[in-house]
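The residues making up each chain are set out below.
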Amino acid sequence: MTLQELEHLKQRILSERGLNEARKSPRVTVGMGTCGLKAGAAPVLEQLREELKDSSKVVVTYTGCIGLCTFEPIVEVALPGRLPVIYGRMTPEKAKKVVQEHILGGEPVSDLLLPVRALPQ
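Residues numbered from 1 in each chain as written. Predicted model: local features only at pLDDT ≥ 70, side-chain atom pairs only at ≥ 80, totals over all residues. Heavy atoms only, no water.

Looking at the pairing of strand S3 (residues 75-78)
Taken together, the four bridges between strand S1 (residues 27-31) and S3 define a ladder with antiparallel strand orientation. Across the sheet, residue arginine 27 finds its bridge partner in S3, namely alanine 78. Taken together, the three bridges between S3 and strand S4 (residues 85-87) define a ladder with antiparallel strand orientation. Within S4, the position partnered with valine 75 by the bridge is tyrosine 87. As consecutive antiparallel partners, S3 and S4 are separated by six residues, and within that stretch glycine 81 has a phi angle of approximately 80°, a positive value. (Pairing = 2+ DSSP bridges. Helix = DSSP H or I, 4+ residues; strand = E, 2+ residues; numbered from the N terminus.)

Looking at the sheet that holds S3
In a beta sheet, neighbouring strands pair by backbone hydrogen bonds and run either parallel or antiparallel. The sheet built from four strands is open, its strands ordered S2-S1-S3-S4 with mixed pairing. At either margin of the open sheet sits one strand with a lone partner, and together these are strand S2 (59-63) and S4. Averaged over all neighbouring strand pairs, the angle between strand axes comes to 25°, with direction disregarded. Of the strands in this sheet, S1, S2 and S3 touch helix H4 (residues 41-51), which is tilted by about 165° from S2. (Axes fitted to C-alpha atoms, helices over the stretch in contact; angles between N-to-C directions. Contact = heavy atoms within 4.5 Å.)

Notes on the packing of H4 against helix H5 (residues 92-103)
Closest axis-to-axis distance for the H4/H5 pair is 9 Å, and the angle between their directions is 35°. Taken as a pair, H4 and H5 cross one another with a handedness that is right-handed. On H5, the residues touching Pro43, Val44, Gln47, Leu48 and Glu51 of H4 are Pro92, Ala95, Lys96, Val99 and Gln100. The residue inventory of the contact of H4 with H5, partitioned by class, reads six nonpolar, two polar and two charged. (Left-handed = near helix turned anticlockwise from the far one by under 90°. Nonpolar A, V, L, I, M, F, W, Y, C, P; charged D, E, K, R; others polar.)

Read these as layout, nothing more, since geometry by itself doesn't imply function.
This is how it looks when you write it as structure tokens:
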């Protein structure tokens, strides 16, 4: 199979699953592994969904363990055309701030971002 054929296959599968559109929308992902749940990820997810319930274009989802247990609850924000950023030690109150300033306002909340040195190399 050629690279062009593989790309065509990938695009067809993404389209069938509705994932092409999801990539064009802002996406917020909350780590909901056992460590995240113990640290309070469920109320953070609920707050994000509540804050964004009128923003039909924002995809709010969750995943399992992200692997940075010390910083749970963890939230990743991916805006189209920009690199995703990761917020750590989130609370429902911090989630409100991230929604207003970053997701709706377009500017990451620098004092809540996970430090780069915390990320696996």
